[in-house]
Every structure is written in structure tokens, then in C-alpha cells.
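Each chain, written out:
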Amino acid sequence: MAGAQNKENPCRTRKIMDVKIHESWKRHLESEFKKDYFKNLVLFVKKEYKEKRIYPPPKDIFKAFDLCDFKNVKVVILGQDPYHGRAQANGLAFSVGTSVAIPPSLQNIFKEIEKDMGTKAPQHGNLDYLANQGILLLNSTLTVVADMAGSHQYKGWEEFTDAVVKVLSDKKENLVFLLWGKYAQEKGKVIDESKHLVLRAAHPSPFSAYNGFFGCKHFSKTNEYLRSRGKEEIKWVGGK
């Protein structure tokens, strides 16, 4: 069993959680890395990767930040946990690899995109193309144990990602925050709504999508706001 785990996570323990984050983010978050909670988080995550099967792969823990540097952020979508199924989590909220089956919540996101924007959504769930346009696809918790949803909650990740939301709110202007579900809406309470557009709706999960996510038109509303602020609109269906 240990051999299978090491094969899936080939990174040596000393390299895991090296906080190799995009330099533009490091300048704004470096103080967080020095805090006790983050030091404890590093120790915890190192141990977990050594002993268990953890998602996403170590190189993708900070992928959301690497694909969307601080200066380019225009939109923030808040998720909760990484996917905990095999080969699903890739470091971006709601996203999976191109060859991975599209999860139900993302299927519903695509359905709303199609209805709202009047065009076909991608046929895969890899959302790199959105991150590359300035969308920070941020999970609240950045790691998870295989097949154990929520297993890395309350270990320090939430405090770190709260700091990310706060620094974006404080240091930037005219961002769009898409808060889907009660959890994301609670996390978004630190956002200064006098400077940013905050759009709220039910979570796109099959259990709640019909309670206000479908029909929210967040994708066209986002583009309307960006256009009104002289920013380039998001190509929501740009993936191929």
C-alpha cells in the first residue's frame, strides 16, 4: 500500500509544501507564511502526504495562484474542498483534468453558462482557460485525503484562504466575487462591497442548484460589470 501511495505522490517529503507560489502573491501573503498557524499547517500537510494518499498532487496545491497572478485577478470564485476522488483535484476550484468525467456541480455550472450566454460550454472540465483569463478559482481548503471529503478542514487552510480574500478586497478594486452557497457567502463577509461586485446564489450542487443557482445569470452579470469598468470580458466558453 505504501508503494502505491508513493507512486501517486512521487514528491519527496522535504519538497512538499515548499510554498512555491507565484511571486506576485508571495509579496502580499508572505506575512501569513511566517505565522504559527501556517507553520503548523506545513508540518501537518507534509506528514499527510508522507503517510496517506492526498489530493491534489503537491505541484498543484497552489495552482490557482500560479495560473492567475495577483495583478491579473478580475473574478474570484470560491469553492470549499478539492475533489477527493482519484485524479479529480487539479488545484482549481470546481475544475478537473481534461480526461476526467465532469463532476455534477461543474455540469450544472456549464448548464447555467449555456443558458446565460447562449452558447455551448466546453466538453471537458479543465478550467485552466478561465484561470488564464484572470479568474481565481479558490478552494477554502487546498488539500484533502483520498475518498474523505472535508478531511483537511480546520487545519489552517481556511485561515490562509481568508487572508487571500481579505488582501484581494483591500488591495484591489472592481473585482467580481461569485459566492455560491452558504459556505462561500460566509467566507465572503470580509469583502468590501463598496469597491467590488459580490454576486450570491445557491451552490451548483445537484442538491441545491434549483434553489437559485439556475437562472442567476452570474456569467453575463460579471461581463457587464467588467465591461462597465473598462476591463476585458471573460470568455466563459473559451475552453476547447
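Remember, predicted model here, so these are calculated numbers, not experimental data.

**Student:** Would you explain the overall build of the chain in this entry?
**Tutor:** In terms of helices and strands, the chain carries nine helices and six strands. The C-alpha atoms of the chain give a radius of gyration of 17 Å, which matches the 18 Å a tight globule of 240 residues would have. The principal-axis extents of the C-alpha atoms in the chain amount to approximately 50 × 35 × 30 Å. When burial is assessed residue by residue, the chain has 54% of its 240 residues classed as buried. Considering only contacts within the chain whose residues lie at least 6 apart along the sequence, 69% involve residues at least 24 apart. Summed over its atoms, the accessible surface of the chain is roughly 11,600 Å², and 50% of this surface lies on carbon and sulfur atoms.

**Student:** Could you clarify how one ought to interpret the layout of surface pockets in this entry?
**Tutor:** Rolled over the atoms, a probe sized like a water molecule indicates the empty space that remains. In this model, the largest pocket occupies a volume close to 370 Å³. Taken together, 20 residues form the lining of the largest pocket, with Gln80, Asp81, Pro82, Tyr83 and Asn139 sitting closest to its centre.

**Student:** Before we go on, may I ask you to explain the sheet that holds strand β5 (residues 176–180) in this structure?
**Tutor:** Paired through their backbone hydrogen bonds, the strands of a sheet run either parallel or antiparallel. Strand order in the open sheet formed by four strands is β3-β2-β5-β6, and the pairing between neighbours is parallel. Each edge of the sheet is formed by a strand with only one pairing partner; in this case those strands are β3 (135–139) and β6 (197–201). The sheet shows a mean angle of 20 degrees between the axes of neighbouring strands, direction not considered. Sheet topology places β5 next to β6; five bridges connect them, and they run parallel. Looking at the pairing, Trp180 lines up with Ala201 of β6.

**Student:** When you look at the packing of aromatic side chains in this model, what are you seeing that I'm missing?
**Tutor:** Centre-to-centre distance and the angle between the planes together describe a pair of aromatic rings. This model, assessed by the stated rule, comprises 17 aromatic pairs. The interplanar angle of 75 degrees and the centroid separation of 4.8 Å between the aromatic rings of Phe219 and Trp236 together place this pair among those described as edge-to-face. With Phe219 in helix α9 (residues 218–228) and Trp236 in the segment after α9, the pair connects residues that are 17 residues apart, well separated along the chain. Assessed through its relative accessible area of 2%, Trp236 is described here as buried. Just above the ring of Phe70 sits the side chain of Lys172; from NZ or CZ to the centre is 5.2 Å.

**Student:** When you look at the confidence of the model for the chain in this model, what are you seeing that I'm missing?
**Tutor:** A low pLDDT means the predicted coordinates there should not be read in detail. A residue-level look at the chain finds 91% of positions with pLDDT of 70 or above and a mean pLDDT of 91. Overall, residues 1–17 carries pLDDT values under 50, and its contacts beyond four positions in sequence, including any with other chains, amount to 28 contacts.

**Student:** I tried to follow the nonpolar core on my own but got confused; where do I start?
**Tutor:** Buried together is how nonpolar side chains tend to be arranged in soluble globular proteins. Ranked by internal contacts, the top residues of the largest apolar core, which has 73 residues, are Trp25, Phe65, Leu136, Phe160 and Leu168. Ignoring sequence-local partners within four residues, the contact set of Phe160 consists of Leu29, Glu32, Phe33, Tyr37, Phe38, Phe62, Phe65 and Leu142.

**Student:** Help me understand the pairing of strand β2 (residues 75–79) in this model?
**Tutor:** Counting buried positions along β2 yields five of five residues, so the element is predominantly enclosed. Residues of β2 alternate between two faces, with Val75, Ile77 and Gly79 on one and Val76 and Leu78 on the opposite face, all of them buried. Pairing of β2 with β3, which is carried by five bridges, proceeds in the parallel orientation. Across the sheet, Leu78 pairs through a bridge with Leu138, a residue of β3. Summarising the sheet, β2 and β5 pair through three bridges and their orientation is parallel. Paired with Val75 across the bridge in β5 is Val176.

**Student:** Please clarify how the pattern of salt bridges should be interpreted in this entry.
**Tutor:** Between side chains of opposite charge, a pair can form as their charged atoms come close. Following the criterion strictly, the structure yields 13 salt bridges and no others. The partner of Glu32 in a salt bridge is Lys35, with the nearest N and O atoms 2.9 Å apart. Judged by relative accessible area, which is 36%, Lys35 ranks as partly exposed. Asp128 is paired through a salt bridge with Lys63; the nearest N and O atoms lie 3.2 Å apart. Of the two residues, Asp128 sits in helix α6 (residues 128–131) while Lys63 sits in helix α4 (residues 63–67), which places them 65 residues apart along the sequence. Given a relative accessible area of 21%, Asp128 falls into the partly exposed group. Assessed through its relative accessible area of 15%, Lys63 is described here as buried.

What counts and what doesn't
Residues numbered from 1 in each chain as written. Predicted model: local features only at pLDDT ≥ 70, side-chain atom pairs only at ≥ 80, totals over all residues. Heavy atoms only, no water. Helix = DSSP H or I, 4+ residues; strand = E, 2+ residues; numbered from the N terminus. Rg over C-alpha atoms; globule rule 2.2 N^0.38 Å. Buried < 20%, exposed > 50% of the residue type's maximum accessible area, 1.4 Å probe, protein only. Contact = heavy atoms within 4.5 Å. Areas by Shrake-Rupley, 256 points an atom, 1.4 Å probe, with all protein chains shown as cover. 1 Å grid on protein atoms, 1.4 Å probe; cavity = no way out; pocket = protein on both sides within 12 Å on 5 of 7 lines; lining within 4 Å. Points joined across faces, edges and corners; volume = space filled by probe spheres on them. Pairing = 2+ DSSP bridges. Axes fitted to C-alpha atoms, helices over the stretch in contact; angles between N-to-C directions. Phe/Tyr/Trp six-rings, centres within 6.5 Å; stacked < 30°, edge-to-face > 60°. Lys NZ or Arg CZ within 6 Å of the ring centre and 35° of its normal. pLDDT = per-residue confidence, 0-100. Core = buried A, V, L, I, M, F, W, Y, C linked by side-chain atoms within 4.5 Å. Salt bridge = Lys/Arg side-chain N within 4 Å of Asp/Glu carboxyl O.

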